[in-house]
Amino acid sequence: MEGDDNLAHERNKAEFDVNEMKIVWAGSRQAFEVSNRMSRLVASDPVFDKSNRAVMTRKELFKNTLRKSAHAWKLINELCLSDEESTIFKYFMDQPGFLDLHWRMFVPAIKGQGTEEQKQKWLPLANKMQIIGCYAQTELGHGSNVQGLETTATFNPQTDQFILHSPTQTSSKWWPGGLGKVSTHAVVYARLITNGKDHGVHGFIVQLRNLDDHSPLPGITIGDIGVKFGNGAYNSMDNGFLMFDKFCIPRDQMLMRLSKVTREGKYVPSDVPRQLMYGTMVSVRQTIVSNASVAMARAVCIATRYSAVRRQFGSQNGGVETQVIDYKTQQNRLFPLLASAYAFRFVGEWLKWLYTDVTQRLEASDFATLPEAHACTAGLKSMTTSATSDGIEECRKLCGGHGYLWCSGLPELFAVYVPACTYEGDNVVLQLQVARFLMKTVAQLSSGNAPAGTTAYMGRAKHLLQCRSSIQKAEDWLNPAMVLEAFEARALRMAVSCANNLKKFENQEQGFSELLADLVEAGIAHCQLIVVSKFIAKLERDIKGKGVKNQLKNLCYIYALHLIHKHLGDFLSTNTITPEQASLANNQLRSLYSQLRPNAVALVDAFDYTDHYLGSVLGRYDGNVYPKLFEEALKDPLNDSVVPDGYHEYIRPFIKQDLRSARL
Ligand SMILES: CCCCCCCCCCCCCCCCCC(=O)SCCNC(=O)CCNC(=O)[C@H](O)C(C)(C)COP(=O)(O)OP(=O)(O)OC[C@H]1O[C@@H](n2cnc3c(N)ncnc32)[C@H](O)[C@@H]1OP(=O)(O)O
Ligand SMILES: Cc1cc2nc3c(=O)[nH]c(=O)nc-3n(C[C@H](O)[C@H](O)[C@H](O)COP(=O)(O)OP(=O)(O)OC[C@H]3O[C@@H](n4cnc5c(N)ncnc54)[C@H](O)[C@@H]3O)c2cc1C
């Protein structure tokens, strides 16, 4: 059977309405329509071709990224794309570059931390891209520890300016994307010093380059930090370094929505939580969760289609071999990833709602839900990006040898994606923020304050600490209340166990340090509970389309039950479930795999990815893998000549003179 026949056959087997599922995936009919239109707009434009990224030099790749960005900006203006459309358009360009940092961090930092006057001055320039900005926070010596940053901004009352200075080599800004070669401006984080007093880290708008010839302004040393992981991949981004040598900026370029410095140099601290300064990071972490679902879906789409095309073993009487997707081992590795893509999609939707809600509350000076918003964005960013990085690599292995080819799309996707575990906060550091939040919540349980939001389940501690799961047969694992209770009991018991162990230390901080590894596990258990509970909540909504809800149910329980299998140690050691109940969960999981099997290809079609966006020979919509693998191979520059460069110098001398005319 040819690849295209394989996939056509698979599509015919689907038991649900794929078009309706596309709308569920996109979030709404309107969102689907925008995403569909933008992805095709990008795919049809030759400027956005991605096929030769692996063989470009760094300079070619960088220049081509500039070209794509300029072209995208031109189209966005010519076609009068809305903010929503242009964001999605840039996403489908699939090209890391300075635009990401300008729109995702520089503009939001000014919006979130600037005064009205600052917004009026800077946003029109930034919105028209008459200035290009980046987010310069991390330094060579400090990234995770934001309070440990060393760059100083010392107020000089004589000139009404701040003097920005990098006192040590480790204080050099190091990593900001878009900084190395493109940005004209940056939001720079530095220690504010007035009247000899250090007031901690604050944000400043700083011009870096001359707007006429792009040269760095006097007092500024700037450059690119060098080649990063993977061919092509994130090397299109000019992550940069930056040093200040007593560089002066006007006082009104300190972002002063929160705290202020007066003309006399008096520091007026913020009357709202200082953590609002971290708002840009919270906003980006929230979008990273939605991006995790997209990246996971992309890898899973490639691996699923290829697994349906690829055949190995099992031929009877010279007939066709078995599609590798029919092996239970393949299903056991692939289907939980497919379920994770959907799970992250729905938790991403919910997190967007939470973020919008907290933003509205903050505007009304209600800070009550800020700790939860921080814990959820940090924890879910950490949990979903770690799972997605691992998932992309698993998808590569699921595609066997061909998955290792660049044209499978998976190596580049992995190389571009994997720093998501580090940027916007190292995943372990972020999970420890969740753990801190959980420890505080547990400590307050006895005070009578009922926990709210995602920790509301902790209010039922009495029950959850003692209950025994009532699962008796495999089908009980499809009961939402029973599944939720298992996840809640496990999460609570792990958090309470950490809290009890902490009490054994006289010094809480020392205890926290000793228990870091357990605390991270407790944070992950809490985040997994959030994802499972939001998926279950999604099922309770009105979902249209023949068979769509049924597919989502299968995916939801595959997601939950595979987590139980993967973290069985937690569930057993906390006595949440018994070994027998674990075994029933496995039986149910196998049955769900069988139910999902005929729908697998249609479920990845529902992502509505173009071949351009997938960038994968193995994941092509038509399944025409083998001829296209050949085509790709023949395009490689090494195949430009039959005899390679270097033959005469380095290969021919190996071969003995008297053998050269022989044919052995
Ligand atoms: C194939 C091609 C594909 C192409 C695709 C193209 C797409 C490409 C996509 C790429 C685009 C993405 C670009 C991303 C760029 C990355 C940019 C960065 O990394 S930028 C750099 C990112 N850098 C990082 O992320 C640095 C990570 N580090 C940090 O965020 C902080 O240092 C910290 C949180 C770890 C500690 O902070 P510290 O101040 O020491 O705090 P303490 O621990 O002492 O806790 C004190 C209190 O504060 C509370 N609180 C804390 N945070 C928040 C918050 N946000 N809010 C509210 N509250 C918060 C905390 O709960 C506690 O409360 P309580 O208990 O007192 O009640
Ligand atoms: C591709 C990419 C793009 C980036 N873009 C930007 C940008 O645009 N702007 C910007 O300002 N920054 C940017 N960064 C920097 C990024 O935000 C930091 O690298 C990140 O916050 C991690 O900090 P770090 O490098 O200091 O890691 P470190 O903190 O040095 O981490 C090293 C190790 O120590 C562990 N560790 C650290 N602290 C603790 C702790 N308290 N407890 C337990 N373990 C700990 C970590 O888990 C990790 O394993 C980017 C980074 C990358 C890779």
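So, how was this worked out
- Residues numbered from 1 in each chain as written.
- Chains lettered and ligands numbered in written order.
- Predicted model: local features only at pLDDT ≥ 70, side-chain atom pairs only at ≥ 80, totals over all residues.
- Heavy atoms only, no water.
- Buried < 20%, exposed > 50% of the residue type's maximum accessible area, 1.4 Å probe, protein only.
- Helix = DSSP H or I, 4+ residues; strand = E, 2+ residues; numbered from the N terminus.
- Pairing = 2+ DSSP bridges.
- Near = heavy atom within 4 Å.
- Polar contact = N/O pair within 3.5 Å; in protein donor to acceptor, adjacent residues only side chain to side chain.
- Areas by Shrake-Rupley, 256 points an atom, 1.4 Å probe, with all protein chains shown as cover.
- Contact = heavy atoms within 4.5 Å.
- UniProt positions renumbered as here; feature names shortened; annotations may be inferred.
- Nonpolar A, V, L, I, M, F, W, Y, C, P; charged D, E, K, R; others polar.

Asks: Whenever I open this one, the pairing of strand 8 (residues 240-244) confuses me. Can you help?
Replies: Consecutive side chains along a regular strand alternate between the two faces of the sheet. Side chains G240, L242 and F244 of strand 8 all project onto a buried face; the interleaved residues F241 and M243 project onto a face where none is buried. Of the pairings in the sheet, the one linking strand 4 (residues 173-174) to strand 8 comprises two bridges and is antiparallel in character. When the sheet's bridge partners are listed, K173 is paired in strand 8 with L242. Summarising the sheet, strand 7 (residues 220-224) and strand 8 pair through five bridges and their orientation is antiparallel. Residue pairing in the sheet places I222 in a bridge with L242 of strand 8.

Asks: Can you walk me through the site of ligand 2 in this structure?
Replies: Around ligand 2, the surrounding shell holds 20 residues, and the nearest of these are Y135, Q137, T138, S144 and D426. Note that a nitrogen atom of ligand 2 is positioned 2.9 Å from one of the backbone N or O atoms of Y135. G143 has a polar backbone atom sitting 3.0 Å from an oxygen atom of ligand 2. Its free accessible area being 970 Å², ligand 2 has 65% of it covered by the protein chains. With three residues, the single largest contributor to the shell around ligand 2 is helix 12 (residues 427-443).

Asks: Before we go on, may I ask you to explain the environment of A341 in this structure?
Replies: Here A341 lies in helix 9 (residues 328-363). Excluding residues that lie within four positions of it along the chain, A341 makes contacts with W25, S293, M296, A297 and F607.

Asks: It is not clear to me how the UniProt feature "domain: Acyl-CoA oxidase C-alpha1" (unreviewed entry) in the protein chain should be interpreted in this structure. Could you clarify?
Replies: The sites that UniProt annotates as "domain: Acyl-CoA oxidase C-alpha1" (unreviewed entry) are residues 278-439. Structurally, residues 278-439 comprises 72% helix and 0% strand, and the distance from its first C-alpha atom to its last is 22 Å.

Asks: Looking at this structure, I do not really get the site of ligand 1. What am I missing?
Replies: Surrounding ligand 1, one finds 30 residues, the nearest of these being D94, S144, Q147, Y278 and K440. Here a nitrogen atom of ligand 1 sits 3.2 Å away from a polar atom, N or O, in the side chain of H374. At a separation of 3.0 Å, an oxygen atom of ligand 1 approaches a polar side-chain atom of Q433. Burial of ligand 1 by the protein chains amounts to 82% of its free accessible area of 1400 Å². Elements represented by at least two residues in the shell around ligand 1 include exactly helix 6 (98-113), helix 8 (279-309), helix 10 (370-398) and helix 12. Looking at side-chain class alone, the shell around ligand 1 contains 13 nonpolar, nine polar and eight charged residues.

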